[in-house]
Amino acid sequence: MAAGLADLLALDVTTTEFAMAVRDDQGNEDYASMPMQGATTWRNDAAFPAFDLEKVPDMIRDLLNVLQARGWQFDRRGESAPGCVSVACRQHDMVLLDRGGKPLLPAISWECNAAAGEVETLRNLDVESTVGKIQPRFVLPKLSCVLNRQPDLKEELGTVFMTGDWIAQRLTGQRSLSTSDALSNGLLDQTTRKRADQIIRQAGFDAAWFPEAAQSGTVVGTVQANVAQTGMVQPDGGAGEDPWRPLREMLAGWQFVAGLGDNHASAVGCGMAEDYRKLVVSAGTSGTVNLSCGKDVQLPAGSESLQFEFYSNSMLLLLMLGDCGKWYNRFLDRFAPELKQTMDELNKLALLTDPATLRRVLHDDAAHTEQFPPSWGHCTLGVKVADTQLSIMLELLLRVKQMLAEVRAAKAYAVDTFVLTGGLSQSLFFQSLFHAGIKLLAPEANVKLSGRTGPLRYKTSAYGALINAELPRVGGKLSDLHAAGNRFPLVDCVQPQDGSAATLRYLLQSYGV
(Lines give C-alpha, C1' and ligand atoms only; values in the text may rest on other atoms or scores of the structure.)
Protein backbone atom coordinates (compact mmCIF):
# COMPACT_ATOMS: atom_id res chain seq x y z
CA MET A 1 0.00 0.00 0.00
CA ALA A 2 1.45 3.33 -1.09
CA ALA A 3 1.41 5.84 1.75
CA GLY A 4 2.32 9.48 1.93
CA LEU A 5 1.17 12.79 3.35
CA ALA A 6 -2.50 12.50 4.23
CA ASP A 7 -4.74 14.98 2.41
CA LEU A 8 -8.21 13.73 3.41
CA LEU A 9 -9.20 11.88 6.57
CA ALA A 10 -12.50 10.28 7.59
CA LEU A 11 -13.73 8.76 10.84
CA ASP A 12 -16.42 6.08 10.61
CA VAL A 13 -18.25 5.49 13.91
CA THR A 14 -20.59 2.48 13.87
CA THR A 15 -22.23 0.37 16.54
CA THR A 16 -19.65 -2.41 16.22
CA GLU A 17 -16.57 -0.73 14.75
CA PHE A 18 -14.53 2.46 14.81
CA ALA A 19 -12.69 2.99 11.54
CA MET A 20 -10.54 5.52 9.73
CA ALA A 21 -10.04 6.15 6.00
CA VAL A 22 -7.28 8.27 4.48
CA ARG A 23 -6.24 9.52 1.05
CA ASP A 24 -3.25 11.48 -0.22
CA ASP A 25 -3.26 14.00 -3.07
CA GLN A 26 -2.21 11.28 -5.52
CA GLY A 27 -5.35 9.24 -4.83
CA ASN A 28 -3.70 6.54 -2.71
CA GLU A 29 -6.11 5.30 -0.03
CA ASP A 30 -5.91 3.25 3.14
CA TYR A 31 -8.22 1.98 5.86
CA ALA A 32 -7.85 0.87 9.47
CA SER A 33 -10.47 -0.29 11.94
CA MET A 34 -10.93 -1.69 15.42
CA PRO A 35 -13.86 -3.05 17.44
CA MET A 36 -16.02 -0.35 18.98
CA GLN A 37 -15.23 0.24 22.63
CA GLY A 38 -17.26 1.72 25.45
CA ALA A 39 -20.65 0.04 25.02
CA THR A 40 -22.60 0.65 28.22
CA THR A 41 -26.02 1.73 29.51
CA TRP A 42 -27.29 4.85 31.21
CA ARG A 43 -27.93 4.32 34.94
CA ASN A 44 -27.49 0.55 34.42
CA ASP A 45 -30.82 0.48 32.59
CA ALA A 46 -30.88 -1.87 29.58
CA ALA A 47 -33.59 0.32 28.03
CA PHE A 48 -30.93 3.01 27.51
CA PRO A 49 -28.03 1.46 25.54
CA ALA A 50 -25.20 3.95 25.22
CA PHE A 51 -21.50 4.50 24.53
CA ASP A 52 -18.86 5.89 26.85
CA LEU A 53 -17.44 8.98 25.14
CA GLU A 54 -14.17 8.80 27.05
CA LYS A 55 -13.10 5.92 24.79
CA VAL A 56 -13.28 8.00 21.60
CA PRO A 57 -9.95 9.91 21.70
CA ASP A 58 -8.05 6.71 22.50
CA MET A 59 -9.61 4.93 19.52
CA ILE A 60 -8.76 7.83 17.21
CA ARG A 61 -5.18 7.85 18.54
CA ASP A 62 -4.78 4.08 18.07
CA LEU A 63 -6.01 4.19 14.47
CA LEU A 64 -3.77 7.14 13.62
CA ASN A 65 -0.87 5.15 15.07
CA VAL A 66 -1.76 2.17 12.87
CA LEU A 67 -1.74 4.36 9.78
CA GLN A 68 1.46 6.09 10.82
CA ALA A 69 3.12 2.69 11.21
CA ARG A 70 2.22 2.06 7.56
CA GLY A 71 3.98 5.27 6.52
CA TRP A 72 1.19 7.83 6.58
CA GLN A 73 1.98 11.35 7.80
CA PHE A 74 -0.57 13.84 9.14
CA ASP A 75 1.44 16.97 9.96
CA ARG A 76 0.54 19.38 7.13
CA ARG A 77 1.99 22.52 8.67
CA GLY A 78 3.95 24.30 5.97
CA GLU A 79 1.81 22.85 3.17
CA SER A 80 0.02 25.20 0.77
CA ALA A 81 -3.42 23.83 1.65
CA PRO A 82 -4.86 22.31 4.83
CA GLY A 83 -6.05 18.74 5.07
CA CYS A 84 -9.78 18.10 5.46
CA VAL A 85 -11.30 15.70 7.98
CA SER A 86 -14.90 14.60 8.41
CA VAL A 87 -16.96 11.92 10.15
CA ALA A 88 -19.70 9.41 9.42
CA CYS A 89 -21.54 8.46 12.58
CA ARG A 90 -24.28 6.07 13.65
CA GLN A 91 -27.36 8.23 13.61
CA HIS A 92 -29.33 9.25 16.69
CA ASP A 93 -26.49 9.19 19.26
CA MET A 94 -27.41 11.85 21.83
CA VAL A 95 -24.60 13.72 23.58
CA LEU A 96 -25.34 15.98 26.58
CA LEU A 97 -22.64 18.31 27.94
CA ASP A 98 -22.71 20.47 31.02
CA ARG A 99 -21.99 24.19 30.77
CA GLY A 100 -18.27 23.54 31.08
CA GLY A 101 -18.20 21.03 28.21
CA LYS A 102 -18.11 17.84 30.29
CA PRO A 103 -20.33 14.90 29.23
CA LEU A 104 -23.23 14.50 31.65
CA LEU A 105 -23.92 10.89 30.65
CA PRO A 106 -22.81 8.40 28.01
CA ALA A 107 -24.08 8.96 24.46
CA ILE A 108 -27.55 7.38 24.31
CA SER A 109 -27.53 5.32 21.09
CA TRP A 110 -29.96 4.67 18.24
CA GLU A 111 -30.83 1.36 19.88
CA CYS A 112 -32.71 3.18 22.66
CA ASN A 113 -36.46 3.03 22.09
CA ALA A 114 -37.56 4.10 25.56
CA ALA A 115 -39.14 7.36 24.38
CA ALA A 116 -42.37 5.96 22.88
CA GLY A 117 -44.53 7.96 25.31
CA GLU A 118 -42.63 11.16 24.59
CA VAL A 119 -43.11 10.61 20.85
CA GLU A 120 -46.89 10.55 21.32
CA THR A 121 -46.75 13.73 23.40
CA LEU A 122 -44.72 15.51 20.71
CA ARG A 123 -47.03 14.30 17.95
CA ASN A 124 -49.96 15.74 19.85
CA LEU A 125 -48.14 19.08 19.69
CA ASP A 126 -48.03 18.68 15.88
CA VAL A 127 -44.23 18.92 15.78
CA GLU A 128 -44.08 16.56 12.80
CA SER A 129 -45.55 19.21 10.50
CA THR A 130 -42.30 21.15 11.01
CA VAL A 131 -39.53 18.68 11.82
CA GLY A 132 -40.86 15.64 9.96
CA LYS A 133 -41.74 12.19 11.21
CA ILE A 134 -40.19 11.35 14.60
CA GLN A 135 -39.37 8.01 16.19
CA PRO A 136 -38.38 7.02 19.76
CA ARG A 137 -34.70 6.74 18.76
CA PHE A 138 -34.59 10.43 17.68
CA VAL A 139 -32.82 12.98 19.88
CA LEU A 140 -35.88 15.25 20.34
CA PRO A 141 -38.01 12.63 22.15
CA LYS A 142 -35.00 10.94 23.79
CA LEU A 143 -33.97 14.20 25.43
CA SER A 144 -37.47 14.59 26.83
CA CYS A 145 -37.37 10.97 28.04
CA VAL A 146 -34.02 11.45 29.83
CA LEU A 147 -35.07 14.73 31.45
CA ASN A 148 -38.35 13.21 32.60
CA ARG A 149 -36.34 10.54 34.41
CA GLN A 150 -33.70 12.89 35.78
CA PRO A 151 -35.11 16.46 35.87
CA ASP A 152 -32.12 17.91 37.73
CA LEU A 153 -30.03 17.55 34.54
CA LYS A 154 -31.79 20.65 33.22
CA GLU A 155 -29.91 22.82 35.70
CA GLU A 156 -26.54 21.58 34.44
CA LEU A 157 -27.25 21.16 30.72
CA GLY A 158 -25.24 23.34 28.35
CA THR A 159 -25.13 21.55 24.99
CA VAL A 160 -27.18 18.93 23.14
CA PHE A 161 -25.88 17.44 19.90
CA MET A 162 -24.68 14.17 18.35
CA THR A 163 -21.43 12.21 18.58
CA GLY A 164 -20.06 13.49 15.26
CA ASP A 165 -20.72 17.07 16.35
CA TRP A 166 -19.01 16.40 19.67
CA ILE A 167 -15.88 15.11 17.91
CA ALA A 168 -15.84 18.27 15.79
CA GLN A 169 -16.17 20.42 18.92
CA ARG A 170 -13.37 18.61 20.73
CA LEU A 171 -11.02 19.17 17.79
CA THR A 172 -11.99 22.71 16.76
CA GLY A 173 -13.76 24.27 19.74
CA GLN A 174 -16.78 25.10 17.55
CA ARG A 175 -20.30 24.00 18.47
CA SER A 176 -22.46 22.94 15.53
CA LEU A 177 -25.22 20.56 14.44
CA SER A 178 -24.48 18.80 11.16
CA THR A 179 -27.61 18.99 9.04
CA SER A 180 -27.34 15.34 7.98
CA ASP A 181 -27.76 14.08 11.55
CA ALA A 182 -29.90 16.91 12.93
CA LEU A 183 -32.59 16.58 10.25
CA SER A 184 -32.95 12.91 11.18
CA ASN A 185 -33.42 13.71 14.86
CA GLY A 186 -36.28 16.19 14.86
CA LEU A 187 -34.06 19.21 15.52
CA LEU A 188 -34.35 21.18 12.26
CA ASP A 189 -37.17 22.68 10.26
CA GLN A 190 -37.49 20.36 7.25
CA THR A 191 -38.19 23.31 4.93
CA THR A 192 -35.57 25.84 5.99
CA ARG A 193 -33.06 23.35 7.44
CA LYS A 194 -32.50 25.78 10.28
CA ARG A 195 -32.71 24.96 13.97
CA ALA A 196 -36.38 24.44 14.85
CA ASP A 197 -36.44 26.88 17.78
CA GLN A 198 -40.23 27.03 18.10
CA ILE A 199 -40.54 23.23 18.24
CA ILE A 200 -37.64 22.98 20.68
CA ARG A 201 -39.35 25.46 22.99
CA GLN A 202 -42.70 23.69 22.60
CA ALA A 203 -40.98 20.51 23.79
CA GLY A 204 -39.93 22.37 26.94
CA PHE A 205 -36.28 22.88 26.07
CA ASP A 206 -33.96 25.88 25.92
CA ALA A 207 -33.04 26.49 22.26
CA ALA A 208 -29.62 27.72 23.41
CA TRP A 209 -28.73 24.17 24.36
CA PHE A 210 -28.61 23.32 20.66
CA PRO A 211 -25.89 24.74 18.39
CA GLU A 212 -26.76 26.34 15.07
CA ALA A 213 -27.02 24.01 12.10
CA ALA A 214 -24.01 23.60 9.80
CA GLN A 215 -24.66 22.27 6.30
CA SER A 216 -22.98 18.89 5.94
CA GLY A 217 -20.06 19.14 3.56
CA THR A 218 -19.07 22.64 4.73
CA VAL A 219 -16.19 23.63 7.02
CA VAL A 220 -17.21 24.15 10.66
CA GLY A 221 -13.78 25.00 12.06
CA THR A 222 -10.04 24.43 12.07
CA VAL A 223 -8.29 21.98 14.37
CA GLN A 224 -6.44 23.97 17.00
CA ALA A 225 -3.35 22.69 18.76
CA ASN A 226 -3.61 25.25 21.55
CA VAL A 227 -6.52 24.59 23.91
CA ALA A 228 -6.41 28.14 25.26
CA GLN A 229 -7.13 29.54 21.78
CA THR A 230 -10.31 27.48 21.42
CA GLY A 231 -11.85 27.87 24.85
CA MET A 232 -12.23 24.10 25.22
CA VAL A 233 -12.10 22.35 28.54
CA GLN A 234 -10.79 18.98 29.53
CA PRO A 235 -13.27 16.10 29.91
CA ASP A 236 -12.84 16.07 33.68
CA GLY A 237 -13.62 19.77 33.92
CA GLY A 238 -10.06 20.99 34.32
CA ALA A 239 -7.80 18.52 36.12
CA GLY A 240 -5.50 15.93 34.56
CA GLU A 241 -4.32 15.28 31.03
CA ASP A 242 -6.59 16.09 28.11
CA PRO A 243 -6.54 13.01 25.80
CA TRP A 244 -7.55 15.21 22.86
CA ARG A 245 -4.47 17.44 23.08
CA PRO A 246 -2.08 15.10 21.17
CA LEU A 247 -4.75 14.58 18.51
CA ARG A 248 -5.16 18.32 18.04
CA GLU A 249 -1.40 18.76 17.87
CA MET A 250 -1.10 16.02 15.22
CA LEU A 251 -3.94 17.45 13.11
CA ALA A 252 -3.29 21.14 13.77
CA GLY A 253 -4.48 23.26 10.86
CA TRP A 254 -6.75 20.60 9.39
CA GLN A 255 -10.24 21.80 8.50
CA PHE A 256 -13.16 19.88 10.01
CA VAL A 257 -16.04 19.37 7.58
CA ALA A 258 -19.56 18.95 9.01
CA GLY A 259 -20.21 15.24 9.01
CA LEU A 260 -22.85 12.78 7.86
CA GLY A 261 -25.21 10.32 9.44
CA ASP A 262 -24.32 6.75 8.56
CA ASN A 263 -27.13 6.26 6.01
CA HIS A 264 -26.25 9.50 4.23
CA ALA A 265 -22.55 8.56 4.25
CA SER A 266 -23.20 5.08 2.87
CA ALA A 267 -25.31 6.49 0.05
CA VAL A 268 -22.52 8.94 -0.89
CA GLY A 269 -19.95 6.14 -0.68
CA CYS A 270 -22.11 3.91 -2.88
CA GLY A 271 -21.97 6.52 -5.64
CA MET A 272 -25.31 8.23 -5.09
CA ALA A 273 -25.52 11.49 -7.03
CA GLU A 274 -27.90 14.45 -7.04
CA ASP A 275 -29.09 13.69 -10.59
CA TYR A 276 -32.06 11.73 -9.20
CA ARG A 277 -31.70 9.05 -11.90
CA LYS A 278 -29.37 6.55 -10.26
CA LEU A 279 -30.61 3.96 -7.77
CA VAL A 280 -27.89 2.23 -5.77
CA VAL A 281 -28.29 -1.15 -4.06
CA SER A 282 -25.65 -1.91 -1.44
CA ALA A 283 -25.35 -5.54 -0.39
CA GLY A 284 -23.11 -5.05 2.62
CA THR A 285 -23.47 -6.10 6.25
CA SER A 286 -26.90 -4.53 5.98
CA GLY A 287 -28.58 -4.13 2.62
CA THR A 288 -29.83 -0.74 1.46
CA VAL A 289 -31.72 0.60 -1.53
CA ASN A 290 -30.80 4.26 -2.04
CA LEU A 291 -32.21 6.97 -4.29
CA SER A 292 -31.82 10.74 -4.10
CA CYS A 293 -34.63 13.07 -5.10
CA GLY A 294 -35.59 16.71 -4.79
CA LYS A 295 -36.68 17.74 -1.32
CA ASP A 296 -39.99 18.95 -2.79
CA VAL A 297 -41.03 15.41 -3.81
CA GLN A 298 -44.10 14.28 -1.87
CA LEU A 299 -44.31 10.51 -1.52
CA PRO A 300 -47.81 8.98 -1.30
CA ALA A 301 -49.37 8.36 2.10
CA GLY A 302 -48.21 5.13 3.67
CA SER A 303 -44.92 5.05 1.78
CA GLU A 304 -42.32 2.74 3.25
CA SER A 305 -39.23 4.61 2.05
CA LEU A 306 -37.39 6.39 4.84
CA GLN A 307 -36.34 9.98 4.14
CA PHE A 308 -32.98 11.43 5.12
CA GLU A 309 -30.87 14.49 4.37
CA PHE A 310 -28.90 14.40 1.13
CA TYR A 311 -27.21 17.81 1.09
CA SER A 312 -28.97 21.13 0.71
CA ASN A 313 -31.34 20.62 -2.23
CA SER A 314 -32.05 16.91 -2.02
CA MET A 315 -33.25 14.15 0.21
CA LEU A 316 -32.29 10.50 0.36
CA LEU A 317 -34.90 7.77 0.07
CA LEU A 318 -33.85 4.55 1.75
CA LEU A 319 -35.24 1.06 2.22
CA MET A 320 -33.23 -1.35 4.34
CA LEU A 321 -32.68 -5.07 4.63
CA GLY A 322 -31.22 -5.12 8.13
CA ASP A 323 -29.73 -8.57 7.60
CA CYS A 324 -27.87 -8.93 4.31
CA GLY A 325 -24.22 -9.83 4.74
CA LYS A 326 -25.13 -10.78 8.31
CA TRP A 327 -27.67 -13.27 6.95
CA TYR A 328 -25.08 -14.73 4.59
CA ASN A 329 -22.53 -15.02 7.38
CA ARG A 330 -25.07 -16.83 9.58
CA PHE A 331 -25.58 -19.30 6.73
CA LEU A 332 -21.84 -19.85 6.36
CA ASP A 333 -21.35 -20.28 10.11
CA ARG A 334 -23.97 -23.01 10.13
CA PHE A 335 -23.37 -24.86 6.88
CA ALA A 336 -19.80 -24.12 5.75
CA PRO A 337 -17.70 -22.67 8.61
CA GLU A 338 -14.52 -24.26 7.25
CA LEU A 339 -15.08 -22.56 3.87
CA LYS A 340 -15.95 -19.09 5.16
CA GLN A 341 -12.64 -17.63 4.04
CA THR A 342 -12.87 -19.13 0.54
CA MET A 343 -15.60 -16.93 -0.84
CA ASP A 344 -14.47 -17.33 -4.44
CA GLU A 345 -14.96 -21.09 -4.27
CA LEU A 346 -18.43 -20.71 -2.78
CA ASN A 347 -19.40 -18.18 -5.43
CA LYS A 348 -18.23 -20.57 -8.16
CA LEU A 349 -20.40 -23.32 -6.68
CA ALA A 350 -23.41 -21.00 -6.82
CA LEU A 351 -22.68 -20.09 -10.45
CA LEU A 352 -22.55 -23.78 -11.45
CA THR A 353 -25.90 -24.61 -9.87
CA ASP A 354 -28.88 -25.44 -12.10
CA PRO A 355 -31.25 -22.49 -11.55
CA ALA A 356 -34.26 -24.81 -11.99
CA THR A 357 -33.37 -26.43 -8.64
CA LEU A 358 -33.38 -23.18 -6.64
CA ARG A 359 -35.81 -22.46 -3.82
CA ARG A 360 -36.46 -19.46 -1.60
CA VAL A 361 -35.15 -19.24 1.97
CA LEU A 362 -37.78 -17.43 4.08
CA HIS A 363 -36.26 -14.64 6.17
CA ASP A 364 -37.55 -12.70 9.18
CA ASP A 365 -35.53 -9.49 9.29
CA ALA A 366 -36.80 -8.41 12.71
CA ALA A 367 -36.11 -11.77 14.36
CA HIS A 368 -32.85 -12.39 12.43
CA THR A 369 -33.96 -15.92 11.52
CA GLU A 370 -34.36 -18.02 8.39
CA GLN A 371 -36.62 -20.93 7.44
CA PHE A 372 -34.86 -23.33 5.08
CA PRO A 373 -36.56 -25.23 2.23
CA PRO A 374 -37.34 -28.93 2.88
CA SER A 375 -35.09 -29.77 -0.09
CA TRP A 376 -32.05 -28.75 1.94
CA GLY A 377 -32.12 -32.13 3.65
CA HIS A 378 -30.54 -33.73 0.60
CA CYS A 379 -29.11 -31.01 -1.65
CA THR A 380 -25.48 -30.01 -2.22
CA LEU A 381 -23.65 -27.09 -0.61
CA GLY A 382 -23.63 -25.32 -3.97
CA VAL A 383 -27.43 -25.35 -4.10
CA LYS A 384 -27.62 -23.99 -0.54
CA VAL A 385 -25.21 -21.18 -1.41
CA ALA A 386 -27.22 -20.32 -4.52
CA ASP A 387 -30.55 -20.52 -2.65
CA THR A 388 -29.22 -18.12 -0.01
CA GLN A 389 -27.83 -15.63 -2.52
CA LEU A 390 -31.08 -15.83 -4.52
CA SER A 391 -33.14 -15.15 -1.39
CA ILE A 392 -31.03 -12.18 -0.28
CA MET A 393 -31.20 -10.66 -3.75
CA LEU A 394 -34.95 -11.29 -3.86
CA GLU A 395 -35.42 -9.29 -0.66
CA LEU A 396 -33.38 -6.42 -2.14
CA LEU A 397 -35.25 -6.49 -5.45
CA LEU A 398 -38.62 -6.40 -3.69
CA ARG A 399 -37.45 -3.24 -1.94
CA VAL A 400 -36.32 -1.78 -5.28
CA LYS A 401 -39.79 -2.54 -6.66
CA GLN A 402 -41.41 -0.81 -3.67
CA MET A 403 -39.27 2.31 -4.01
CA LEU A 404 -39.86 2.58 -7.76
CA ALA A 405 -43.61 2.34 -7.18
CA GLU A 406 -43.46 5.15 -4.62
CA VAL A 407 -41.43 7.56 -6.75
CA ARG A 408 -43.60 6.83 -9.78
CA ALA A 409 -46.72 7.54 -7.72
CA ALA A 410 -45.13 10.84 -6.68
CA LYS A 411 -44.54 11.63 -10.37
CA ALA A 412 -40.87 12.06 -9.54
CA TYR A 413 -37.90 11.24 -11.73
CA ALA A 414 -37.38 8.33 -14.12
CA VAL A 415 -34.57 6.14 -12.79
CA ASP A 416 -32.43 4.88 -15.67
CA THR A 417 -29.31 3.48 -13.95
CA PHE A 418 -29.15 0.81 -11.28
CA VAL A 419 -25.87 0.12 -9.48
CA LEU A 420 -24.92 -2.84 -7.29
CA THR A 421 -22.19 -2.52 -4.68
CA GLY A 422 -21.23 -4.08 -1.34
CA GLY A 423 -19.39 -7.25 -0.39
CA LEU A 424 -21.90 -9.72 -1.88
CA SER A 425 -21.54 -8.03 -5.26
CA GLN A 426 -18.28 -9.97 -5.63
CA SER A 427 -20.36 -13.03 -6.53
CA LEU A 428 -20.97 -13.38 -10.27
CA PHE A 429 -24.14 -15.33 -9.52
CA PHE A 430 -25.38 -12.53 -7.27
CA GLN A 431 -24.64 -10.05 -10.06
CA SER A 432 -26.59 -12.13 -12.58
CA LEU A 433 -29.60 -12.21 -10.25
CA PHE A 434 -29.43 -8.42 -9.92
CA HIS A 435 -29.26 -7.99 -13.69
CA ALA A 436 -32.21 -10.34 -14.28
CA GLY A 437 -34.34 -8.68 -11.61
CA ILE A 438 -33.66 -5.09 -12.68
CA LYS A 439 -34.47 -5.93 -16.30
CA LEU A 440 -37.84 -7.22 -15.09
CA LEU A 441 -38.52 -3.98 -13.22
CA ALA A 442 -37.02 -1.56 -15.76
CA PRO A 443 -36.31 -3.24 -19.12
CA GLU A 444 -34.49 -0.25 -20.62
CA ALA A 445 -32.29 0.42 -17.60
CA ASN A 446 -28.52 0.47 -17.46
CA VAL A 447 -27.41 -2.18 -14.95
CA LYS A 448 -24.01 -1.42 -13.48
CA LEU A 449 -21.55 -2.52 -10.83
CA SER A 450 -19.25 -0.37 -8.74
CA GLY A 451 -15.86 -0.42 -10.41
CA ARG A 452 -13.95 0.81 -7.39
CA THR A 453 -10.89 -1.08 -6.22
CA GLY A 454 -8.62 -0.83 -3.19
CA PRO A 455 -9.13 -0.99 0.58
CA LEU A 456 -12.26 1.21 0.59
CA ARG A 457 -14.09 -0.64 -2.19
CA TYR A 458 -16.75 -2.04 0.15
CA LYS A 459 -16.34 0.44 3.03
CA THR A 460 -19.11 2.68 1.76
CA SER A 461 -19.74 4.68 4.94
CA ALA A 462 -16.06 5.49 5.44
CA TYR A 463 -15.65 6.32 1.75
CA GLY A 464 -18.72 8.55 1.89
CA ALA A 465 -17.19 10.50 4.78
CA LEU A 466 -13.96 10.84 2.80
CA ILE A 467 -15.89 12.24 -0.18
CA ASN A 468 -17.75 14.58 2.19
CA ALA A 469 -14.40 15.87 3.49
CA GLU A 470 -13.46 16.78 -0.08
CA LEU A 471 -16.63 18.73 -0.87
CA PRO A 472 -15.46 22.19 0.32
CA ARG A 473 -12.77 22.06 -2.35
CA VAL A 474 -15.37 21.82 -5.12
CA GLY A 475 -17.81 24.35 -3.69
CA GLY A 476 -19.95 21.64 -2.14
CA LYS A 477 -20.90 20.21 -5.54
CA LEU A 478 -21.01 16.43 -5.36
CA SER A 479 -21.74 16.41 -9.08
CA ASP A 480 -18.28 17.82 -9.78
CA LEU A 481 -16.63 14.86 -8.07
CA HIS A 482 -18.80 12.49 -10.11
CA ALA A 483 -17.88 14.37 -13.27
CA ALA A 484 -14.18 13.92 -12.48
CA GLY A 485 -14.69 10.27 -13.41
CA ASN A 486 -12.31 8.63 -10.96
CA ARG A 487 -14.32 8.73 -7.72
CA PHE A 488 -17.18 6.43 -8.67
CA PRO A 489 -16.23 4.29 -11.70
CA LEU A 490 -18.94 1.95 -13.00
CA VAL A 491 -18.62 -1.26 -15.02
CA ASP A 492 -21.25 -3.45 -16.65
CA CYS A 493 -22.98 -5.92 -14.36
CA VAL A 494 -22.63 -9.60 -15.28
CA GLN A 495 -25.64 -10.94 -17.16
CA PRO A 496 -27.13 -14.42 -16.56
CA GLN A 497 -25.35 -17.19 -18.39
CA ASP A 498 -26.82 -18.53 -21.62
CA GLY A 499 -29.83 -20.70 -20.89
CA SER A 500 -30.30 -19.51 -17.30
CA ALA A 501 -31.76 -16.04 -17.91
CA ALA A 502 -35.32 -17.21 -18.59
CA THR A 503 -35.31 -19.51 -15.54
CA LEU A 504 -34.01 -16.80 -13.24
CA ARG A 505 -36.60 -14.33 -14.53
CA TYR A 506 -39.34 -16.90 -13.95
CA LEU A 507 -38.10 -17.58 -10.41
CA LEU A 508 -37.94 -13.91 -9.51
CA GLN A 509 -41.36 -13.21 -11.02
CA SER A 510 -42.89 -16.14 -9.16
CA TYR A 511 -41.65 -14.62 -5.88
CA GLY A 512 -43.11 -11.20 -6.60
CA VAL A 513 -40.52 -9.21 -8.56
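For helix α12 (residues 325-335), every residue scored as buried is listed here: G325, W327, Y328, F331 and L332. Projected down its long axis, α12 carries its buried residues within an arc of 160 degrees, all on one side. Check the buried side of α12 and you find it contacts α13 (343-351), β19 (362-364), β20 (369-371) and α14 (381-409).

For the structure on display, the rule yields five cavities of 30 Å³ or more. Space inside the largest cavity adds up to approximately 90 Å³. What lines the largest cavity is a set of 14 residues, and nearest its centre among them are G269, C270, G271, S450 and R452. Where the lining of the largest cavity is concerned, the elements lending two or more residues are α11 (262-270) and α16 (460-470). By residue class, the composition of the lining of the largest cavity is six nonpolar, five polar and three charged. Put simply, the second largest cavity is a space of about 60 Å³. Together, V13, F18, M36, Q37, F51, D52, L53, V56, M59, R90 and T163 line the second largest cavity. Considered class by class, the residues forming the lining of the second largest cavity number seven nonpolar, two polar and two charged.

A few words on the packing of α14 against helix α15 (residues 428-441). In contact at an axis separation of 10 Å, α14 and α15 are set at 30 degrees when each is read in the N-to-C sense. The angle between α14 and α15 places the two elements in the roughly parallel class. Considering how the two elements wind past one another, α14 and α15 form a crossing that is right-handed. Between α14, through A386, Q389, L390, I392, M393, L396, L397, V400, K401, L404 and R408, and α15, the contact on the second element is made entirely by F429, F430, L433, F434, G437, I438 and L441. For the contact of α14 with α15, a count of residues per class yields 14 nonpolar, two polar and two charged.

Volume-wise, the largest pocket comes out at about 1600 Å³. The wall of the largest pocket is formed by 48 residues, among which G284, T285, S286, G322 and K326 lie closest to the centre. Breaking the lining of the largest pocket down by element, the ones donating at least two residues are α11, β15 (278-283), β16 (287-294), β17 (306-309), β18 (314-321), α12 and α16. Considering only residue class, the lining of the largest pocket consists of 14 nonpolar, 23 polar and 11 charged. By volume, the second largest pocket amounts to about 890 Å³. Residue lining of the second largest pocket: 30 residues in total, with G132, K133, Q190, Q307 and M315 positioned closest to the centre. Elements represented by at least two residues in the lining of the second largest pocket include exactly α3 (128-131) and β17. The class makeup of the residues in the lining of the second largest pocket is 10 nonpolar, 13 polar and seven charged.

Ordered in space as β17-β18-β16-β15-β21-β22-β23, the seven strands form an open sheet in which the pairing is mixed. Of all strands in the sheet, those bounded by a partner on one side alone are β17 and β23 (490-492). Strand-to-strand twist in this sheet, taken as the mean axis angle between neighbours without regard to direction, amounts to 30 degrees. Strand direction decides the pairing type here: strand β22 (residues 446-450) and β23, joined by three bridges, are antiparallel.

We now examine the sheet that holds strand β5 (residues 45-51). Spatially, β4-β5-β8 is the arrangement adopted by the three strands of the open sheet, whose pairing is antiparallel. In the strand order of this sheet, the two ends are held by β4 (39-42) and β8 (107-108), each with one partner. For β5 and β8, the ladder comprises two bridges, and the chain directions are antiparallel. Counterpart to F51 in the pairing with β8 is A107.

Our next topic: the nonpolar core. One finds F74, L143 and I167 to be the most contacted residues of the largest nonpolar core, which totals 78 residues. If we ignore the near neighbours within four places in the chain, the residues touching L143 are M94, L96, L157, V160, F205, W209 and F210. If you look at the next biggest cluster of nonpolar residues, it comprises 56 residues, including L396, F434, A436 and I438.

The phi dihedral of N44 is positive, around 55 degrees, even though this residue is not glycine. Looking at the element boundaries, N44 is found in the loop between β4 and β5.

What counts and how
Residues numbered from 1 in each chain as written. Predicted model: local features only at pLDDT ≥ 70, side-chain atom pairs only at ≥ 80, totals over all residues. Heavy atoms only, no water. Buried < 20%, exposed > 50% of the residue type's maximum accessible area, 1.4 Å probe, protein only. Helix = DSSP H or I, 4+ residues; strand = E, 2+ residues; numbered from the N terminus. Arc of directions from axis to C-beta. Contact = heavy atoms within 4.5 Å. 1 Å grid on protein atoms, 1.4 Å probe; cavity = no way out; pocket = protein on both sides within 12 Å on 5 of 7 lines; lining within 4 Å. Points joined across faces, edges and corners; volume = space filled by probe spheres on them. Nonpolar A, V, L, I, M, F, W, Y, C, P; charged D, E, K, R; others polar. Axes fitted to C-alpha atoms, helices over the stretch in contact; angles between N-to-C directions. Parallel < 35°, antiparallel > 145°, perpendicular 65-115°, else oblique. Left-handed = near helix turned anticlockwise from the far one by under 90°. Pairing = 2+ DSSP bridges. Core = buried A, V, L, I, M, F, W, Y, C linked by side-chain atoms within 4.5 Å.

By themselves, these are just geometric observations and shouldn't be taken as functional.
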